[in-house]
Amino acid sequence: MKKALLVLTLLIGFAGAGVGGLMTWHHDTQLYGTAESQGELIGCTESAEVNCDIVNTSAWSELAGVPIATLAIPFYLTVAFLAFQGLKGRSVQTLLLGMSIGAVAYSGFLYHISTSELHYICAWCFRLYLCNGALLLLSALMVAVVPAGLRSIQTRMLRRKEDRDGAAKGLIAFLVAATTFWAVGFGVLFGTSCDGLC
């Protein structure tokens, strides 16, 4: 199961880097290209809620003068590299989980800016938000579920009391993390206001 999760993570990493390249090209073409080189971004048809041109050329589309989409390329390539290292047997689950938590939090911030400040969303940005959510799900499964399978092997080598203690600690850690996300993280990511955390 771990191998399948890592292969999916590898594919998402390559797909995210590709989307980052496409959005970087669009950003640069819209801001610095000639009139004949500018045009609608493929896969992003403008509507009352969707406008990739406005989102990708806004002041929020750059971080320290570098397009956010350009920063996505090394991020997703790093995710792909870590997934490849995981396929070779290295333990990368925790690092992938930390990276995906950061990506989901930043995606939530950007979605909030898109809807509240710009009043438009970018279809390709939203696809990357979904990729980040998928990375979070996959890495959480690697951290939580894969060790559970290893726990069954470990139980055969431990005394019954040690087994119960280890299982209880794992369950408590999961419940604390899930409750903290429900109480704080969900409100920050999907709330209607930042100060209300609702």
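This section reports on the structure supplied with the text. (Residues numbered from 1 in each chain as written. Predicted model: local features only at pLDDT ≥ 70, side-chain atom pairs only at ≥ 80, totals over all residues. Heavy atoms only, no water.)

A word on a nonpolar patch on the surface
In step 1: Nonpolar side chains collect at one region of the surface, where Trp60, Leu63, Val66, Leu71, Tyr106 and Phe109 lie side by side and expose about 510 Å² of accessible area between them.
In step 2: For valine 66, the location among the structural elements is in strand 2 (residues 66-67). (Patch = residues over 30% accessible without salt bridge, like charges linked within 9 Å, V, L, I, M, F, W, Y side chains within 5 Å. Areas by Shrake-Rupley, 256 points an atom, 1.4 Å probe, with all protein chains shown as cover. Salt bridge = Lys/Arg side-chain N within 4 Å of Asp/Glu carboxyl O. Helix = DSSP H or I, 4+ residues; strand = E, 2+ residues; numbered from the N terminus.)

Quick notes on the side chain of threonine 9
In step 1: Among the secondary structure elements, threonine 9 is positioned in helix 1 (residues 2-32).
In step 2: According to the relative accessible area criterion, threonine 9 is buried, its value standing at 2%.
In step 3: Aside from chain neighbours lying at most four places away, what touches threonine 9 is Val79, Ala83, Leu96, Leu135, Leu138 and Met142. (Buried < 20%, exposed > 50% of the residue type's maximum accessible area, 1.4 Å probe, protein only. Contact = heavy atoms within 4.5 Å.)

Focus on the packing of aromatic side chains
In step 1: Under the defined criterion, the tally for this structure stands at 6 aromatic pairs.
In step 2: Relative to phenylalanine 126, the ring of tyrosine 111 lies with its centre 6.1 Å away and its plane at 55°, an arrangement referred to as tilted. Of this pair, tyrosine 111 sits in helix 4 (residues 93-118) while phenylalanine 126 sits in helix 5 (residues 123-155); the two residues are 15 residues apart in sequence, bridging distant segments of the chain.
In step 3: Here a set of aromatic residues connected by ring pairs shows up, and it is made of Trp60, Tyr106 and Phe109.
In step 4: Geometry around tryptophan 124 places arginine 127 over its ring, the cationic atom sitting 4.3 Å from the centre. (Phe/Tyr/Trp six-rings, centres within 6.5 Å; stacked < 30°, edge-to-face > 60°. Lys NZ or Arg CZ within 6 Å of the ring centre and 35° of its normal.)

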